[in-house]
Amino acid sequence: MNDTLTLAEQIDLQIRTGGPISVATYMGLCLTHPSKGYYRAGDPIGGAGDFITAPEISQMFGELIGFWLVNLWQQMGEPKAFTLLELGPGRGTLMADILRVACRAPGFRDALHLNLFETSPNLMAEQKARLEVYDPKWLQNFDNFEDGPVLIVANEFFDALPIRQFVRKETGWHERQVGLVDGKRTFGLSPTPIPPAAMPDPVANAEPDTIFEVNFAAAEILSRLGKTIAKQGGSILAIDYGHARTQTGETLQGVRRHAYAAVLDAPGDTDLSAHVDFDALANVARQAGLAAQPLATQGQFLTRLGIGERAAALSGANPDAAAEIRAAHDRLVGQDQMGSLFKVFCAHSPGLSPAGFAP
Ligand SMILES: C[S@@+](CC[C@H](N)C(=O)[O-])C[C@H]1O[C@@H](n2cnc3c(N)ncnc32)[C@H](O)[C@@H]1O
């Protein structure tokens, strides 16, 4: 494809020559097109970007996950070598906060192999600057891990993977597509129906015009990593917005400059994401041989790990910052803020008891 064209022009040309594309293809091009995708071309995170994430709000988020990881490493008998992998590490802030506290545990630093999985060259450069001292390795795929357990962390990674959408009609479920009508990008439907029996039980008999979203990319990655964890021991912790039970309804959304934006309007300049179906992820994890903890809200998880005490300790050490620390605490755990919208998912090899989940 001619790379002098904008991403919007390239997508429109692809539709004009090859016909409508699935929502997943559209989302994949918008986010990770090699030179013009949202995550390939810009630096979206933070006040000057499009959105802010939990580790960018406060160091407490990463520090508590650091203590959480040390606890799991100790439960596994303090293995002399293990892999710590972060999926979509953003600016490297979360991992820097994790390792600042975790490496205080004797033996943790020496045993650590740090792996990162990232698509954005700009963010990779930021990760390198913050994490170089830990000698990270950037993975291209999940084919080869060092011997020893694998601990995986992912904050707002699975919601950034392309989803497929299906719409219920009299004839069955039809995949939602992006086409052109009078030269304007428009949603439409594939003419070929998928029989209702092909859909999972909770949605098979949905009302006409119901939308159902499936994140095959998330399932594929979790299945691959889950099998490795089942074989070598370890866990995956994923924090994202999403729902606890498989459900219908559209959650695909666009965000630009901290405000909602139309999904089809500015390909490559708008962040696209969709809620994660944690029920589906738990099923994939179990099929891979892992145990899945009952889902916790971010508020429950951080509170159980002691964010209140951590905020008090940080405020005691720096009284001038007390109001700021209190505001960050409330933003991370508040019911009306990130506390209930974001959920914490953990799947792990049998025999481990990760902290922060309901007994
Ligand atoms: C919403 S950001 C979250 C960043 C970071 N975890 C945080 O909490 O600040 C999504 C991250 O996943 C990365 N990412 C998105 N799609 C990806 C893909 N297909 N493969 C690898 N990394 C991807 C992005 O570049 C970014 O680092």
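These figures come from a predicted structure and were not determined experimentally. (Residues numbered from 1 in each chain as written. Predicted model: local features only at pLDDT ≥ 70, side-chain atom pairs only at ≥ 80, totals over all residues. Heavy atoms only, no water.)

Participant: Teacher, can you tell me more about the overall build of the protein chain here?
Facilitator: A tally of helices and strands in the protein chain yields 15 helices and 17 strands. The C-alpha radius of gyration of the protein chain comes to 21 Å, within 12% of the 21 Å expected for a compact globule of 359 residues. With respect to the three principal axes, the spread of C-alpha positions in the protein chain is 65 × 40 × 40 Å. Per-residue burial for the protein chain yields a buried fraction of 55% across its 359 residues. (Helix = DSSP H or I, 4+ residues; strand = E, 2+ residues; numbered from the N terminus. Rg over C-alpha atoms; globule rule 2.2 N^0.38 Å. Buried < 20%, exposed > 50% of the residue type's maximum accessible area, 1.4 Å probe, protein only.)

Participant: Looking at this structure, how should I read helix H12 (residues 298-305)?
Facilitator: It helps to recall that an α-helix has 3.6 residues per turn; residues three or four apart then point in one direction. Every buried residue of H12 is accounted for by Gln298, Gly299, Phe301 and Leu302. Seen from one end, H12 has its buried residues packed into an arc of 165°, which puts them on one side. Following H12 by one or two positions, glycine 306 has its phi on the positive side, about 100°. (Arc of directions from axis to C-beta.)

Participant: Can you walk me through the pattern of salt bridges in this structure?
Facilitator: It is possible for side chains bearing opposite charge to pair when their charged atoms get close. Taken as a whole, this structure holds 15 salt bridges when the rule is applied. Between glutamate 175 and arginine 164 there is a salt bridge, and its shortest N-O distance comes to 2.7 Å. One end of the pair, glutamate 175, is in strand S7 (residues 172-181); the other, arginine 164, is in strand S6 (residues 164-169), with 11 residues separating them in the sequence. Under the relative-accessibility criterion, arginine 164 is labelled partly exposed at 30%. Residues arginine 176 and glutamate 250 are paired through a salt bridge, measuring 2.9 Å at the closest nitrogen-oxygen approach. Of the two residues, arginine 176 is situated in strand S7 and glutamate 250 in the loop between strand S10 (234-243) and strand S11 (253-256); the sequence distance between them amounts to 74 residues. Assessed through its relative accessible area of 39%, glutamate 250 is described here as partly exposed. Within the structure, one salt-bridge network assembled from shared partners comprises Glu56, Arg91, Glu126 and Arg130. (Salt bridge = Lys/Arg side-chain N within 4 Å of Asp/Glu carboxyl O.)

Participant: Would you mind showing me how to read the packing of helix H5 (residues 59-75) against H12 here?
Facilitator: For any two helices packed against each other, one specifies the crossing angle of their axes together with the interaxial distance. H12 packs onto H5 with a crossing angle of 65° between their chain directions and a minimal axis gap of 10 Å. Remark: the crossing between H5 and H12 carries left-handed chirality. Two secondary-structure elements touch here, H5 through Phe61, Leu64, Ile65 and Trp68 and H12 through Gln298, Phe301, Leu302 and Leu305. Across the contact of H5 with H12, the residue classes break down as 7 nonpolar, 1 polar and no charged. (Axes fitted to C-alpha atoms, helices over the stretch in contact; angles between N-to-C directions. Left-handed = near helix turned anticlockwise from the far one by under 90°. Contact = heavy atoms within 4.5 Å. Nonpolar A, V, L, I, M, F, W, Y, C, P; charged D, E, K, R; others polar.)

Participant: What is the right way to read the packing of helix H10 (residues 216-232) against helix H11 (residues 278-287) from this model?
Facilitator: At a closest axis distance of 9 Å, the pairing of H10 and H11 adopts a crossing angle of 30°. In terms of orientation, H10 and H11 fall into the roughly parallel class. For the pair H10 and H11, the crossing hand works out as right-handed. Listed contacts from H11 to Ala218, Ala219, Leu222 and Ser223 of H10 are Leu281, Val284 and Ala285. Residue composition of the contact of H10 with H11, by class: 6 nonpolar, 1 polar and no charged. (Parallel < 35°, antiparallel > 145°, perpendicular 65-115°, else oblique.)

Participant: Got a minute to help me understand the sheet that holds strand S13 (residues 271-273) in this structure?
Facilitator: Each strand in a sheet pairs with its neighbour through backbone hydrogen bonds, running either in the same direction (parallel) or in the opposite one (antiparallel). Read from one edge to the other, the open sheet built from 3 strands follows the order S12-S11-S13, with strand pairing classed as antiparallel. The outermost strands of the open sheet, each flanked by one partner alone, are strand S12 (259-261) and S13. The mean angle between the axes of side-by-side strands here comes to 40°, regardless of whether they run parallel or antiparallel. (Pairing = 2+ DSSP bridges.)

Participant: Quick question: what am I supposed to make of the packing of aromatic side chains here?
Facilitator: Any aromatic ring pair is given by two values, namely how distant the centres are and how the planes are angled relative to each other. In the structure shown here, the tally under the stated rule is 12 aromatic pairs. Ring geometry for tryptophan 68 versus phenylalanine 301: centroids 6.3 Å apart, planes at 65°, classification edge-to-face. Pair noted here: tryptophan 68 is in helix H5 and phenylalanine 301 is in helix H12, with a separation of 233 residues, a long-range link. The residues tryptophan 68 and phenylalanine 301 share a single accessibility class, namely buried. An angle of 45° between the planes, with centres 5.5 Å apart, marks the rings of tyrosine 241 and phenylalanine 342 as tilted. Taken together, the residues tyrosine 241 in strand S10 and phenylalanine 342 in strand S17 (residues 342-348) connect sequence positions 101 residues apart. Just as tyrosine 241 is buried, phenylalanine 342 falls in that class too. Grouped by ring-pair contacts, the aromatic residues Phe117, Phe142, Phe157 and Phe158 constitute a single cluster. If you follow arginine 176 out to its NZ or CZ, it ends over the ring of phenylalanine 187, 3.8 Å from the centre. (Phe/Tyr/Trp six-rings, centres within 6.5 Å; stacked < 30°, edge-to-face > 60°. Lys NZ or Arg CZ within 6 Å of the ring centre and 35° of its normal.)

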